[in-house]
Amino acid sequence: PPMKRRSLLLGSATLAAPRPARAQRASTLKFVPYTDLPVLDPVVTGNYAVRNHALMVFDTLYGVDDELNPQPQMVEGHTIDDNGRTWTLKLRDGLRFHDNAPVLARDVVASIRRWGMRDVLGGIVMQIASEFATPDDRTVRIRLKVPFQLLPYAFGKTVGNVLCIMPERLARTDPGRASSEVVGS
């Protein structure tokens, strides 16, 4: 049978009637992480939990956008000379570590060297690099034996071991041994 107007109005009045809220029984929210955080040093392992923690504590030279294109993060930008063999990275002004020490070019070079001993793509960078220079506190110059257009991607990738910039004194730690201290950037 067809619906009658009176039935429709009666039904909608029932839906619109106020209903006092009842307090729910007290409950406890439990969080169970999928793994423990085995170390705090992102260079010694490519473990995702360590990487996720590291990306909340340390900065990287480049980050990747939602299309996986590298974008400057700690750097203002870079210039490429000598047919793609000389990269000059300029750090942003005012970068500081959590202990309030300034981030210097020598911190960046030490971090690159340590990361390059543990990461596959970092190892390629170390094999083709002929020089890491720091002309001033905010400039890193990298001379390569061959052009390597993936350098910003390598420095900003978020898989495997990530290049986290740490103070030089920590970046000089043996890359096979976790640093005993964490000072983020």
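Basis of the calculations
Residues numbered from 1 in each chain as written. Predicted model: local features only at pLDDT ≥ 70, side-chain atom pairs only at ≥ 80, totals over all residues. Heavy atoms only, no water. Core = buried A, V, L, I, M, F, W, Y, C linked by side-chain atoms within 4.5 Å. Buried < 20%, exposed > 50% of the residue type's maximum accessible area, 1.4 Å probe, protein only. Helix = DSSP H or I, 4+ residues; strand = E, 2+ residues; numbered from the N terminus. Expected span 1.5 Å × (residues − 1). Contact = heavy atoms within 4.5 Å. Salt bridge = Lys/Arg side-chain N within 4 Å of Asp/Glu carboxyl O.

Enquirer: Explain the nonpolar core to me, please; I cannot follow it from the model alone.
Expert: Nonpolar side chains in soluble globular proteins tend to be buried together. Membership of the largest hydrophobic core comes to 40 residues, with the highest contact counts inside it found for Leu61, Leu89, Ile112, Ile142, Phe155 and Ile165. When contributions to this core are tallied by element, the ones reaching two or more residues are helix 2 (48-57), strand 4 (86-91), helix 3 (105-116), helix 4 (120-128), strand 5 (129-136), strand 6 (139-144), helix 5 (151-156) and helix 6 (168-171).

Enquirer: What's the story with the environment of Gln71 in this structure? I'm lost.
Expert: Relative to the helices and strands, Gln71 resides in strand 2 (residues 70-72). Gln71 sits in the partly exposed class, given a relative accessible area of 37%. Separated by 82 residues in the primary sequence, Gln71 and Tyr153 place their C-alpha atoms 8.6 Å from one another.

Enquirer: What should I look at first to understand helix 3 in this one?
Expert: Since the α-helix advances by 3.6 residues per turn, residues separated by three or four positions end up pointing in the same direction. With 12 residues, helix 3 ought to run about 16 Å at 1.5 Å a step, and its terminal C-alpha atoms sit 16 Å apart, in line with that. In terms of burial, helix 3 is largely enclosed, as 10 of its 12 residues are buried. When helix 3 is considered as a whole, its buried residues turn out to be Ala105, Asp107, Val108, Val109, Ala110, Ser111, Ile112, Arg114, Trp115 and Gly116. Those residues of helix 3 that are buried are in contact with strand 4, helix 4, strand 5, strand 6, helix 5 and helix 6.

Enquirer: Help me understand the pattern of salt bridges, please; the structure alone is not making it clear to me.
Expert: A side chain of one charge can pair with a side chain of the opposite charge when the charged atoms of the two come close. The full count for this structure, using the stated rule, is nine salt bridges. Between Arg172 and Glu168 there is a salt bridge, with the nearest N and O atoms lying 2.8 Å from each other. When salt bridges that share partners are traced, they join Asp99, Arg169 and Glu181 into one network.

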